[in-house]
Amino acid sequence: MLDLLVTHATLPDGRTDMSLAVRDGRFVDVVAGPLQAPARQTLDAQGLLVSPPFVDAHFHMDATLSYGMPRVNQSGTLLEGIALWGELKPHLTQQAVVDRALAYCDWAVARGLLAIRSHVDTSDPRLLAVEALLEVRRRVAPYLDLQLVAFPQDGVLRTPGGMAQLERALDLGVDVVGGIPHFERTMADGATSVRQLCELAARRGLQVDMHCDESDDPHSRHVETLAFETQRLGLHGRVTGSHLTSMHSMDNYYVSKLLPLMAEAQLQVVSNPLINITLQGRHDTYPKRRGMTRVPELLAQGIPVAFGQDCVMDPWYSLGSGDMLEVAAMGLHVAQMTSQAAMRQCFEAVTTHPARILGLEGYGLQTGCHADFVLLQARDPIEALRLRATRLQVYRRGICLASTPPALTRLQLPGRPSSTDGLAAR
Ligand code: FE2
């Protein structure tokens, strides 16, 4: 007896009329056409898209939903955001951080986002945010995978005791080593921080995910050091460069040398389109740079690129809702990834690519994978992006966590019979 049988599903790879059988929280059969087996529960997808859940490879859950506290970012820059977060930090309470993070996780689940890698600030000697997010990780574990990165927001070398605090966060159970070389006092300090943090990760057998070169300065080249240290320490496939916005402004010749170096080190990349397009280029008059890294060129090198949400209603960004289709659609537009193949890559940048970066076990729609999936009010990934499709059902381990009614519009036009249709979904 199956626990769940999903029928008439369209999969992201284009296969239609698929049946997915679920037992004990995993897919036990994924076949074309009908599947004759008794099941306790059935779900007729009616030809709509069944996708693996959305994954966000880059978020800041300790700052989320704090918009306006204690004031709003006037310049819209990264640096004022960091200063603003510094003003807020002394007033944070663990309970408030936990409450806001849990509220955000509810939003995420409702939108089919079931795995998040969140950076957590380790610059505060109290490690209040670290304790709070470890508590959140424990509480959401039954329904959402939360991975934490030890992130020295104020610079691991620039902060007195910064490295010791970051190590204490790892001792407490934070999963990944973070960094912010472009915020250290000098380029040399930035490079030193990359080397020391990669050595720390190698010693502890951990992954690295660094905020790297989040600036419009074409001479911010810490990603080169990150690739070099990855090679030197044998960390291939375990290191992620987040943001990499300076690559947008770099000289083309230099990038032609950099890209193969990154591929050789098997670096992974996270771009954050909503944040990059709003924080970067603030010192420009016109033309204004887009400030997003070179996504199609990175993908062409075989480098996995994820699109992250980064911020929702915090000192850096006043909007956002945990909607990874919005994130992917922005990435698509900013990177001009408008071909059929490129639009599909944008969908992969919020599903399979971040799942690979997080190292999620059992992710996907193949037999043996966890029965985690989203039923969308769309017939394929491109339509899902175009419509920011309603997430009709969200399942984890074969159990429905969230459902949303389909978008339907009632039209009452003069001289025409009234009709109710999924117009909002066309
Ligand atoms: Fe970030």
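This structure is a prediction, so every number in the text was calculated from the model and none was measured. (Residues numbered from 1 in each chain as written. Predicted model: local features only at pLDDT ≥ 70, side-chain atom pairs only at ≥ 80, totals over all residues. Heavy atoms only, no water.)

**Student:** Outline the overall build of the protein, listing residues and values.
**Tutor:** Regarding its fold elements, the protein presents 14 helices and 18 strands. The C-alpha radius of gyration of the protein comes to 22 Å, within 12% of the 22 Å expected for a compact globule of 426 residues. Counting only C-alpha atoms and orienting by the principal axes, one finds that the protein spans roughly 65 × 50 × 45 Å. Residue burial in the protein is summarised as follows: out of 426 residues, 58% are buried. Summed over all atoms, the accessible surface of the protein reaches about 16,900 Å², with 52% contributed by carbon and sulfur. Seen as two clouds, the 39 positive and the 45 negative side-chain charges of the protein have centres 2 Å apart. (Helix = DSSP H or I, 4+ residues; strand = E, 2+ residues; numbered from the N terminus. Rg over C-alpha atoms; globule rule 2.2 N^0.38 Å. Buried < 20%, exposed > 50% of the residue type's maximum accessible area, 1.4 Å probe, protein only. Areas by Shrake-Rupley, 256 points an atom, 1.4 Å probe, with all protein chains shown as cover. Lys, Arg positive; Asp, Glu negative; His and termini not counted. Charge placed at Lys NZ, Arg CZ, Asp CG, Glu CD.)

**Student:** So what about the domain arrangement of the protein? Which residues, and what values?
**Tutor:** Looking at the protein, the domain boundaries give domain 1 (4-52 + 364-410) and domain 2 (54-358). Summarising the inter-unit geometry, the C-alpha centres of domain 1 and domain 2 are found 30 Å apart. Together, the buried faces of domain 1 and domain 2 total about 1,700 Å²; carbon and sulfur atoms form 68% of this surface. Along the contact surface separating domain 1 from domain 2 lie 2 salt bridges. Among the ionic pairs, aspartate 145 bridges to arginine 396, the shortest N-O distance being 3.4 Å. (Domains from an automatic or database assignment. Buried area = accessible area lost by both parts, 1.4 Å probe. Salt bridge = Lys/Arg side-chain N within 4 Å of Asp/Glu carboxyl O.)

**Student:** Just give me the short version of the coordination of the iron ion, but keep the residues and values in it.
**Tutor:** For a metal with four tetrahedral donors the ideal donor-metal-donor angle is 109.5 degrees, while six octahedral donors give ideal angles of 90 or 180 degrees. Each protein donor to the iron ion is listed here as His58 (NE2), His60 (NE2), His211 (NE2) and Asp310 (OD); together their distances run 2.2 to 2.5 Å. Around the iron ion sit 4 donor atoms; with metal-centred angles ranging over 84 to 173°, the donor geometry is irregular. One chain supplies every donor for the iron ion, spaced along it as H-x1-H-x150-H-x98-D. With histidine 60 in the loop between β6 (54-59) and α1 (78-88) and aspartate 310 in the loop between β13 (305-307) and α11 (324-334), this residue pair connects regions lying 250 residues apart in the sequence. On the basis of relative accessibility, which here comes to 7%, the residue histidine 60 falls in the buried class. (Donors = N, O, S within 2.8 Å, 3.2 Å for Na, K, Ca; no water. Tetrahedral: all angles 85-135°; square planar, octahedral: opposite > 155°, others 65-115°.)

**Student:** I'd love a proper account of the packing of helix α2 (residues 94-110) against helix α3 (residues 128-140), names of residues and values included.
**Tutor:** Helices that pack against each other are described as a pair by the angle of their axes relative to one another and the distance between those axes. It is at 9 Å that the axes of α2 and α3 come closest, and there the two elements cross at 40°. Put simply, α2 runs oblique to α3. Our pair here, α2 against α3, has a crossing hand that is right-handed. Where α2 abuts α3, its residues Gln94, Val97, Val98, Ala101, Leu102 and Cys105 lie against Leu128, Glu131, Ala132, Leu133, Glu135, Val136, Arg139 and Val140. Tallied by class, the residues present in the contact of α2 with α3 amount to 10 nonpolar, 1 polar and 3 charged. (Axes fitted to C-alpha atoms, helices over the stretch in contact; angles between N-to-C directions. Parallel < 35°, antiparallel > 145°, perpendicular 65-115°, else oblique. Left-handed = near helix turned anticlockwise from the far one by under 90°. Contact = heavy atoms within 4.5 Å. Nonpolar A, V, L, I, M, F, W, Y, C, P; charged D, E, K, R; others polar.)

**Student:** A description of the pattern of salt bridges should follow, citing residues and the corresponding values.
**Tutor:** Scanning the model with the defined rule gives 23 salt bridges in all. With a closest N to O distance of 2.8 Å, glutamate 87 and arginine 71 form a salt bridge. Of the two residues, glutamate 87 sits in helix α1 while arginine 71 sits in the loop between β6 and α1, which places them 16 residues apart along the sequence. Of the residues examined, glutamate 87 reaches a relative accessible area of 33% and is grouped as partly exposed.

**Student:** Before we move on, could you go through the nonpolar core and cite the residues and values that matter?
**Tutor:** If you look at the biggest cluster of nonpolar residues, it comprises 108 residues, and the most contacted ones within it are Met61, Val136, Met262 and Phe307. Val6, Leu11, Met18 and Leu375 belong to the second largest nonpolar core, which has 20 residues in total. (Core = buried A, V, L, I, M, F, W, Y, C linked by side-chain atoms within 4.5 Å.)

**Student:** Let's hear about the sheet that holds strand β5 (residues 50-51): which residues, and what values?
**Tutor:** What the 4 strands build is an open sheet, ordered β5-β14-β15-β16; its pairing is antiparallel. Of all the strands in the sheet, just β5 and β16 (399-403) have a single pairing partner and so form its edges. Two strands pair when backbone bridges link them, and β5 and strand β14 (residues 373-376) are joined in this way by 2 bridges, in the antiparallel orientation. Counterpart to valine 50 in the pairing with β14 is leucine 375. (Pairing = 2+ DSSP bridges.)

**Student:** If you had to explain the sheet that holds strand β1 (residues 4-9) to someone new, which residues and values would you point to?
**Tutor:** Strand order in the open sheet made by the 4 strands is β3-β2-β1-β4, with mixed pairing throughout. The outermost strands of the open sheet, each flanked by one partner alone, are β3 (26-32) and β4 (42-44). The mean inter-strand angle of the sheet, taken between neighbouring strand axes irrespective of direction, is 15°. When strand β2 (residues 18-23) meets β3, the two strands line up antiparallel, connected through 6 bridges. In the strand pairing of β3, serine 19 is matched with valine 31.

**Student:** Account for the pairing of strand β15 (residues 391-396), with residues named and values stated.
**Tutor:** Note on strand geometry: in a regular strand, side chains alternate between the two faces of the sheet. Summarising burial for β15: 5 of the 6 residues are buried, a large majority. Two elements, β14 and β15, share 4 bridges in a ladder whose sense is antiparallel. Along β15, the bridge assignment pairs leucine 376 with arginine 391. Of the strand pairs in this sheet, β15 and β16 are connected by 4 bridges, and their pairing is antiparallel. The partner of valine 394 across the bridge, within β16, is alanine 402. In this antiparallel pair of consecutive strands, β15 and β16, the connection spans 2 residues, and arginine 397 shows a positive phi of 55°.

**Student:** Talk me through helix α4 (residues 162-172); I want residue IDs and the actual numbers.
**Tutor:** Among all positions in α4, only Gly162, Met163, Gln165, Leu166, Ala169 and Leu170 are buried. Down the axis of α4, the buried set is contained in an arc of 165°. They therefore lie on one face. Check the buried side of α4 and you find it contacts α3, β8 (145-151), β9 (176-177) and α5 (187-204). A positive backbone phi angle near 120° is found at glycine 173, which sits one or two residues after α4. (Arc of directions from axis to C-beta.)

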